[in-house]
Amino acid sequence: MLKKITTAASVIALCALTACGSGSGTGSGSGNTGSAGDTITMGFAQVGAESGWRTANTKSIQDEAKAAGVDLKFSDAQQKQENQIKAIRSYIQQKVKVIAFSPVVETGWDTVLLEAKRANIPVILTDRAIDSDDTSLYKTFLGSDFVEEGRKAGDWMVQNATGPTNVVELQGTTGAAPAIDRKKGFEEKIAAKPDIKVVASQTGDFTRSGGKQVMEAFLKSQPKIDVVYAHNDDMGLGAIEAIKAAGKVPGKDIKIITVDAVKDGMAALANGEINFIVECNPLLGKQLMELAKKVVKGEEVPARVVTVEGTFTQEQAKAALPTRQY
Amino acid sequence: MKNRLLWPLLALVALLLLNLVVTPSFFSLRIQDGHLYGGLVDVLKNGAPTLLIALGMTLIIATRGIDLSVGAVAAIAGAVTCVHIGSSEDAGTAFAGMAIALVLCALLGLWNGFLVAGLGIQPIIATLVLMTAGRGIAMLVTEGQIITVNNNAYRQVGAGFVVLPISILISLAVLGLVAFTTRKTALGMLIEAVGVNPEASRLAGVRSRTIIWTVYVFAAVCAGIAGLMISSNVSAADANNAGLWIEMDAILAVVIGGTSLAGGRYSLTGTLLGALIIQTLTTTVYTIGVAPEVTLVFKAVVVIAVCLVQAPKARAVLSFRKVAVS
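Residues numbered from 1 in each chain as written. Chains lettered and ligands numbered in written order. Predicted model: local features only at pLDDT ≥ 70, side-chain atom pairs only at ≥ 80, totals over all residues. Heavy atoms only, no water.

### Let's talk about the interface of chain A and chain B
Turning to step 1, where the next piece is worked out: Counting residues at the interface gives 39 residues for chain A, matched by 45 residues for chain B.
Turning to step 2, where the next piece is worked out: In terms of surface lost to chain B, no three residues of chain A exceed Gln-202, Gln-213 and Lys-220 of chain A, which account for 18% of the buried area on that side.
Turning to step 3, where the next piece is worked out: For the pair chain A and chain B, the interface holds three salt bridges.
Turning to step 4, where the next piece is worked out: In this structure, the salt-bridge partner of Lys-45 of chain B is Glu-216 of chain A, at a minimum N-O distance of 2.7 Å.
Turning to step 5, where the next piece is worked out: Seen at the junction of chain A and chain B, the total is 11 residue pairs in polar contact (both at pLDDT 80 or more).
Turning to step 6, where the next piece is worked out: Only helix H1 (2-25), helix H2 (52-68), strand S7 (196-203), helix H7 (208-221) and helix H8 (233-245) of chain A provide two or more residues apiece to the side of chain A that touches chain B.
Turning to step 7, where the next piece is worked out: With 11 residues, H7 of chain A is the largest single contributor of residues to the side of chain A that touches chain B.
Turning to step 8, where the next piece is worked out: Within the side of chain A that touches chain B, the residues separate by chemical class into 11 nonpolar, 18 polar and 10 charged. (Contact = heavy atoms within 4.5 Å. Buried area = accessible area lost by both parts, 1.4 Å probe. Salt bridge = Lys/Arg side-chain N within 4 Å of Asp/Glu carboxyl O. Polar contact = N/O pair within 3.5 Å; in protein donor to acceptor, adjacent residues only side chain to side chain. Helix = DSSP H or I, 4+ residues; strand = E, 2+ residues; numbered from the N terminus. Nonpolar A, V, L, I, M, F, W, Y, C, P; charged D, E, K, R; others polar.)

### Details of a nonpolar patch on the surface
Turning to step 1, where the next piece is worked out: A grouping of Leu-9, Val-13, Leu-17 and Leu-20 of chain B is seen on the molecular surface, where their side chains present a nonpolar patch of about 320 Å² in accessible area.
Turning to step 2, where the next piece is worked out: Since its relative accessible area comes to 36%, Leu-20 of chain B is described here as partly exposed. (Patch = residues over 30% accessible without salt bridge, like charges linked within 9 Å, V, L, I, M, F, W, Y side chains within 5 Å. Areas by Shrake-Rupley, 256 points an atom, 1.4 Å probe, with all protein chains shown as cover. Buried < 20%, exposed > 50% of the residue type's maximum accessible area, 1.4 Å probe, protein only.)

### With respect to the packing of aromatic side chains
Residues and elements named next belong to chain A.
Turning to step 1, where the next piece is worked out: All told, the structure shown has seven aromatic pairs over all chains when counted by the stated rule.
Turning to step 2, where the next piece is worked out: On the basis of an interplanar angle of 5° and a centroid distance of 5.9 Å, the ring pair of Phe-44 and Phe-74 is categorised as stacked. With a gap of 30 residues between them, Phe-44 in strand S1 (residues 40-46) and Phe-74 in strand S2 (residues 70-76) connect regions that are remote in the sequence.
Turning to step 3, where the next piece is worked out: You can call Phe-44 buried: its relative accessible area is 0%. (Phe/Tyr/Trp six-rings, centres within 6.5 Å; stacked < 30°, edge-to-face > 60°.)

### A look at the packing of helix H7 (residues 166-183) of chain B against helix H8 (residues 187-196) of chain B
Residue and element names in this part refer to chain B.
Turning to step 1, where the next piece is worked out: The interhelical angle for the contact between H7 and H8, taken along N-to-C directions, is 80°, at an axis separation of 5 Å. Relative to H8, the element H7 lies roughly perpendicular. Seen from H7, the contacting residues are Thr-181, Thr-182 and Arg-183; seen from H8, they are Leu-187, Gly-188, Met-189, Ile-191 and Glu-192.
Turning to step 2, where the next piece is worked out: Class assignment of the residues belonging to the contact of H7 with H8 gives a composition of three nonpolar, three polar and two charged. (Axes fitted to C-alpha atoms, helices over the stretch in contact; angles between N-to-C directions. Parallel < 35°, antiparallel > 145°, perpendicular 65-115°, else oblique.)

### Some points on the sheet that holds strand S5 (residues 140-143) of chain A
Residues and elements named next belong to chain A.
Turning to step 1, where the next piece is worked out: Taken in spatial order, the six strands of this open sheet run S2-S1-S3-S4-S5-S11, and their pairing is parallel. The two strands at the open ends of the sheet, each matched to only one other strand, are S2 and strand S11 (304-306). Each adjacent strand pair in this sheet contributes to an overall mean axis angle of 20°, direction not counted.
Turning to step 2, where the next piece is worked out: Sheet topology note: the strand S4 (residues 123-126)/S5 ladder contains three bridges and is parallel. Each bridged residue has a counterpart across the sheet, and for Leu-125 the counterpart in S5 is Phe-141. (Pairing = 2+ DSSP bridges.)

### Concerning the sheet that holds strand S12 (residues 311-313) of chain A
Residue and element names in this part refer to chain A.
Turning to step 1, where the next piece is worked out: With respect to topology, six strands assemble into an open sheet ordered S7-S6-S8-S9-S10-S12, the strand pairing being mixed. With partners counted over all chains shown, the strands left at the sheet margins are S7 and S12, one partner each. Shown here is a sheet whose adjacent strand axes are inclined to one another by a mean of 20°, direction ignored.
Turning to step 2, where the next piece is worked out: By the bridge criterion, seven bridges tie strand S6 (residues 165-171) to S7 in an arrangement that is parallel. Counted as the bridge partner of Val-168 is Ala-200 from S7.
Turning to step 3, where the next piece is worked out: Sheet contacts for helix H5 (residues 146-160): S6, S7, strand S8 (227-230), strand S9 (255-260), strand S10 (276-279) and S12; angle to S10, the most-contacted strand, approximately 155°.

### Topic: the domain arrangement of chain A
All names here are of chain A.
Turning to step 1, where the next piece is worked out: As far as domains go, chain A holds domain 1 (37-144 + 282-308) and domain 2 (146-280).
Turning to step 2, where the next piece is worked out: A separation of 30 Å is found between the C-alpha centroids of domain 1 and domain 2.
Turning to step 3, where the next piece is worked out: A combined buried area of about 990 Å² lies between domain 1 and domain 2, and 57% of that area is made up of carbon and sulfur atoms.
Turning to step 4, where the next piece is worked out: Considering only the side of domain 1, the residues that lose the most area to domain 2 are Trp-53, Glu-106 and Ser-144, jointly responsible for 48% of the buried surface there.
Turning to step 5, where the next piece is worked out: Across the domain 1-domain 2 interface, the total number found is zero salt bridges.
Turning to step 6, where the next piece is worked out: Connecting domain 1 to domain 2 are two residue pairs in polar contact (both at pLDDT 80 or more).
Turning to step 7, where the next piece is worked out: Considered class by class, the residues forming the side of domain 1 that touches domain 2 number six nonpolar, three polar and four charged. (Domains from an automatic or database assignment.)

### What to know about helix H3 (residues 81-93) of chain A
Residue and element names in this part refer to chain A.
Turning to step 1, where the next piece is worked out: Counted at 1.5 Å a residue, the expected span for H3 with its 13 residues is 18 Å, and the 19 Å between its end C-alpha atoms agrees.
Turning to step 2, where the next piece is worked out: Restricting attention to buried positions, one finds in H3 the residues Gln-84, Ile-85, Ala-87, Ile-88, Tyr-91 and Ile-92. For H3, the angular spread of the buried residues around the axis is 160°, confining them to a single face. Within H3, the exposed residues directed more than 90 degrees away from the buried face are Lys-86 and Gln-93.
Turning to step 3, where the next piece is worked out: Downstream of H3 by one or two residues, Lys-95 has phi in the positive range, about 55°. (Expected span 1.5 Å × (residues − 1). Arc of directions from axis to C-beta.)

### Comments concerning the nonpolar core
General note: in soluble globular proteins, nonpolar side chains tend to be found buried as a group.
Turning to step 1, where the next piece is worked out: Of all hydrophobic cores here, the largest spans 86 residues; its most connected members are Leu-52, Ile-53, Leu-55, Met-57, Tyr-154, Ile-191 and Leu-228 of chain B.
Turning to step 2, where the next piece is worked out: With residues near it in sequence (within four places) discarded, Leu-55 of chain B still touches Ser-171, Val-174, Leu-175, Leu-268 and Thr-271 of chain B.
Turning to step 3, where the next piece is worked out: Residues Val-214, Phe-312 and Ala-317 of chain A together with Val-285 of chain B belong to the second largest nonpolar core, which totals 35 residues. (Core = buried A, V, L, I, M, F, W, Y, C linked by side-chain atoms within 4.5 Å.)

### Re empty space enclosed by the protein
Turning to step 1, where the next piece is worked out: Summed over all chains, the structure comprises four cavities of 30 Å³ or more.
Turning to step 2, where the next piece is worked out: Roughly 120 Å³ of volume is contained in the largest cavity.
Turning to step 3, where the next piece is worked out: Around the largest cavity, the lining comprises 13 residues; the ones closest to its centre are Trp-53, Arg-54, Arg-128, Arg-182 and Asp-260 of chain A.
Turning to step 4, where the next piece is worked out: Going through the elements one at a time, H2 and helix H6 (177-190) of chain A are the ones with two or more residues in the lining of the largest cavity.
Turning to step 5, where the next piece is worked out: Residues belonging to the lining of the largest cavity are distributed by class as follows: five nonpolar, two polar and six charged.
Turning to step 6, where the next piece is worked out: Lining the second largest cavity are 13 residues, and of these Lys-220 and Ala-245 of chain A together with Tyr-37, Asp-42 and Phe-161 of chain B lie nearest its centre.
Turning to step 7, where the next piece is worked out: Among the elements of the structure, H7 and H8 of chain A together with strand S2 (35-37) and helix H2 (39-62) of chain B are those that each provide at least two residues to the lining of the second largest cavity. (1 Å grid on protein atoms, 1.4 Å probe; cavity = no way out; pocket = protein on both sides within 12 Å on 5 of 7 lines; lining within 4 Å. Points joined across faces, edges and corners; volume = space filled by probe spheres on them.)

### With respect to the environment of Ala-56 of chain A
All names here are of chain A.
Turning to step 1, where the next piece is worked out: Looking at the element boundaries, Ala-56 is found in helix H2.
Turning to step 2, where the next piece is worked out: Among the residues examined, Ala-56 registers a relative accessible area of 9% and is labelled buried.
Turning to step 3, where the next piece is worked out: Placed 228 residues apart in sequence, Ala-56 and Leu-284 show a C-alpha to C-alpha distance of 9.7 Å.
Turning to step 4, where the next piece is worked out: When neighbours within four sequence positions are excluded, Ala-56 is seen to be in contact with Pro-282, Leu-283 and Tyr-326.

Below, the structure is given as structure tokens:
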């Protein structure tokens, strides 16, 4: 008897588990998959909600899908590649018209994308690229040019460096495209000035606690730090906390350059705690829906579409902050 | 008993020595704004949440259970508190928020206890439910955003100092409390009895179920306080990343400390050493500049080494040598 109850209870528990899984898997319920109407069904496999930037990105895609009449199936992979692959496979089974996703890491996508190709479902990459020899696996890549973002940060560094400068770098998630490219672009530019040196570089996983913990360790192990280059605002914000705890003034004693320009980052920039932010625009929903419609109709699209982006100094941040959406 | 703790202690000393060799300044301490500042202080501050969660985990593992949901519970605690605080800078609001969060955590612990002791579901499955669902709850509370707060009273929990970091003082106080209540009363023996043989101890008059409920509630409250520390340290609630994988760190800390996953005898001092080893390892990676690509391998090698020297067979070989030498 007791055994039966136990079994029943574990079944219920397991059902609850799977319900959670599929609950987060499908964002907008009943899709008229397969029907030949005007409605496009799009499966979107998001990385996660690791930062304010990502949340703004998600919101833009959801809002613009609604506005464009696209039936969006949305999934959140919680920063895990296997979850994203699972989501993409389920979209293939559901026969969506187009799949879009932001790959959590650069490699390991060939098999699942080949499955999509065989099922004749076009794939659009958003915001992050993949590293694959076979470019026929996806139709187009819509997103920021991370190398260019790194170059912009490097340019500012070169222009504002006076004398020998020691830079510490807070990298994004190891293996992620923005981490690799932002590092590359920055190094490319500072190579022109040999007295700017990256003295330490570690991953802070794009999170505030990561940025804070790494910066705390750097402050103890590095005798002289002039500049922090963080691959996103959140790690920069964590570094600010660590610098304050060390009794130094962020933005003055130690200058900070970050990438993204989310609201919290912009506020810190306007306060003078960050010195320069390179924008990485998350509001690509509109461009994505336009591309999706073209791809589904079979029209030609460019293999690379870059989002429009700028940079912010402290004065520009003060002006832009009140109207910032995210 | 003494012998069991020797190897974890040696591992900790070895890690600290490695730091001393590579970065001589690692051990330097100074007073900064009225509190201690240095690499060792960072280890204590950042290790406090892991230690606290590992304490709760030790008692659960002693009853032959396991709790995978602690990371999710930590995320919920931070999320609830930060949402409650909002933009308030009032200390009362912060304390009210923390109280609400901890009561909620106790309820989540009751739920785990109900599944394990009430329904008799295997602990690893029972707590897996909350591990998955809990992070979803935290995301619902924060609506997927990173909630930033600016509340000085709340900041003290994770980033404040009374000479030493307040977070480690809290963790050590809980350690003292647990040591006193389980070692100076019969409670510790009863917990071990339940772990060795729940049925026999019930027949002997031990209230096994009540004890199991109690340890799950205690572990959830510990996880809640740890969640407050993690979130308070960066003055933000990040539902996605706060306490991510900390359950694994906590279980590892317990195991390194010499407590068997099969239940029964446990060692609180061992858990303290285990938690310190794990945090020292992380800080070491940042301080000596292990490249991010090989960080995980480096950590794995150290953990394997520590576990190997503790294995009964390895110990037998080592003690045989000692006898032979003498």
